[in-house]
Amino acid sequence: MRKPSVARVYDYYLEGTASWAIDRKFGDRVLGEFPMLRPIAKANRVFLHRVTRHLLRLGVTQFIDIGAGLPTMQHAHQVADDVAPGKARVVYVDYEPVAVTHSQALLEEHGDPRRHAAVHADLRAPDRLWAKVAEQKILDLDEPVAVLLIAVLHVQQPASPRSGDTGDVGPASVERYRELVPSGSYLAISHITDEGVPPEYEKPLVKLKELYDSGSSPVIWRNHDEIRELFGEFDLLPPGLTWTTQWHPEDASPTEPEITFATPNGSLILGGVGRKP
C-alpha cells in the first residue's frame with residue numbers, strides 16, 4: 001500500500017506540481033489542522049536560498065545538499081547561478097528515488113553536467129554517501145565544501161533491516177559529516193522545534209506529530225540546545241541558531257515571496273550555519 005512521500009508532501013506545501021493524490025490528501029489533512037505549515041515551509045525554503053547566497057559571498061563554491069527533495073521554489077544551483085554564474089558546483093542527494101529523478105530531469109534541462117549532479121543515497125550512511133558524491137567527480141572533497149541539511153534531520157527515515165539502519169537521523173550521522181569535511185567547510189542546518197513556539201501552535205503541533213507518525217514518516221522534535229549540539233565544535237556564523245526569518249534577511253532576493261509572521265518564532269524552524277575551524 002502506498003504511503004504519502006515526505007518529499008512530495010513538502011512539494012505540495014510549497015505549491016509545486018510533483019505531488020500525487022495520496023500526498024495531497026495527506027497534505028490537506030495536515031493543513032486543515034495547521035494551515036500555517038505552508039508559509040512555514042516556504043520560509044524554510046527561502047532560508048536555504050539565503051544560506052546559499054551568503055556562503056557564495058564568503059567564497060564557498062562547493063555544495064552538497066543532502067535531503068534535497070524536489071526542485072520546487074528553486075534548487076540551490078539555480079540560486080547560486082543567479083549570484084555567481086558558472087562558479088558554483090552542487091551535488092544533490094536524496095533517499096527517495098522520485099526526488100532524485102526529478103532533480104536529474106531539472107539538471108538535464110537547466111544544469112551543467114560539469115558542475116551539477118543528483119545521486120540516490122541515504123544520509124544515515126555517511127561514508128557510502130560521501131563515496132557516491134566523490135564518484136560524480138563534480139566536487140574536490142579535499143577543499144572546503146558546504147553541507148546543507150535543510151529540514152531533513154527532523155524526519156525519521158524508513159528503517160532498512162538489510163543495512164542495519166534504524167530510522168534515526170540523529171547526532172551520530174551528523175558528527176560523521178563534520179569529520180568528513182575539511183577545515184574551512186560549512187554545515188547548514190534547519191530543524192523544526194516545539195520549544196519556544198507561539199502558544200497557539202502548541203495543540204496543533206501535537207496533532208501534526210500524530211498525523212506524521214501515523215500517516216507518513218515520523219517526526220523528531222528537538223529543542224534549541226539539541227539542535228545546537230548537531231553543529232559540534234563548528235563555530236556558528238552570526239546571528240547563531242535562530243528562527244529562519246531572522247537569519248540574514250538582507251540576503252533575500254526581491255523576486256522571492258516575503259514571508260512574515262506575527263512573531264519570529266512563528267516560523268517554527270530554527271536555522272544556522274557553522275564553520276569548521
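For every chain, the first residue of the written sequence is number 1, and numbering continues from 1 along that sequence. Residues qualify for local features only when their pLDDT is at least 70, as the model is predicted, and side-chain atom pairs are given and counted only at 80 or more; totals for whole chains, interfaces and linings, by contrast, use all residues. Note that the side-chain values use all heavy atoms of the structure and ignore hydrogens as well as water.

## Some remarks on the packing of aromatic side chains
So, point 1. Within 6.5 Å between ring centres, the rings of Phe, Tyr and Trp (the latter by its six-membered ring) count as paired, and their orientation is classed by plane angle as stacked under 30 degrees, edge-to-face over 60, tilted in between. Using the criterion set out here, one finds four aromatic pairs in the structure.
So, point 2. Aromatic pair Phe34 and Tyr201: ring centres 5.1 Å apart, planes at 80 degrees, arrangement edge-to-face. With a gap of 167 residues between them, Phe34 in the loop between α2 (21–33) and α3 (37–57) and Tyr201 in the loop between β5 (186–192) and α8 (202–215) connect regions that are remote in the sequence. Note on accessibility: Phe34 and Tyr201 belong to one class, buried.
So, point 3. Taken together, a centroid distance of 6.3 Å and an interplanar angle of 50 degrees make the contact between Trp130 and Tyr177 tilted. Taken together, the positions of Trp130 in helix α6 (residues 126–135) and Tyr177 in helix α7 (residues 171–180) put the pair 47 residues apart, joining distant regions of the chain. Each member of the pair Trp130 and Tyr177 is classed as buried.
So, point 4. Criterion for a charge above a ring: Lys NZ or Arg CZ within 6 Å of the ring centre, and within 35 degrees of the ring normal. Across the ring face of Trp20, the terminal group of Arg8 is positioned such that the distance to the ring centre comes to 3.5 Å.
So, point 5. Here the guanidinium or amino end of Arg38 rests over the ring plane of Tyr12, the centre of that ring lying 5.1 Å away. Working definition: helices are DSSP H or I runs of at least four residues, strands are E runs of at least two. Numbering for both runs from the N terminus. Relative accessibility thresholds used throughout: buried, under 20% of the residue-type maximum; exposed, over 50%; partly exposed, between the two (1.4 Å probe, protein chains only).

## What about the environment of Thr52?
So, point 1. Tracing the chain through its elements places Thr52 in helix α3.
So, point 2. For the pair Thr52 and Ser217, spaced 165 residues apart in the sequence, the C-alpha separation amounts to 27 Å.

## Here we look at unusual backbone geometry
So, point 1. A cis amide bond links Pro238 to the next residue, Pro239, at an omega of 5 degrees.
So, point 2. Structurally, Pro239 is set in the loop between β6 (235–236) and β7 (242–243).
So, point 3. Even without glycine at this site, Glu15 takes up a positive phi of about 65 degrees.
So, point 4. Mapped onto the fold, Glu15 is located in the loop between α1 (6–13) and α2.
So, point 5. Phi at Ala151 takes a positive value of approximately 55 degrees, unusual for a residue other than glycine.
So, point 6. Looking at the secondary structure, you find Ala151 in the loop between β4 (146–150) and α7.
So, point 7. Given a relative accessible area of 18%, Ala151 falls into the buried group.

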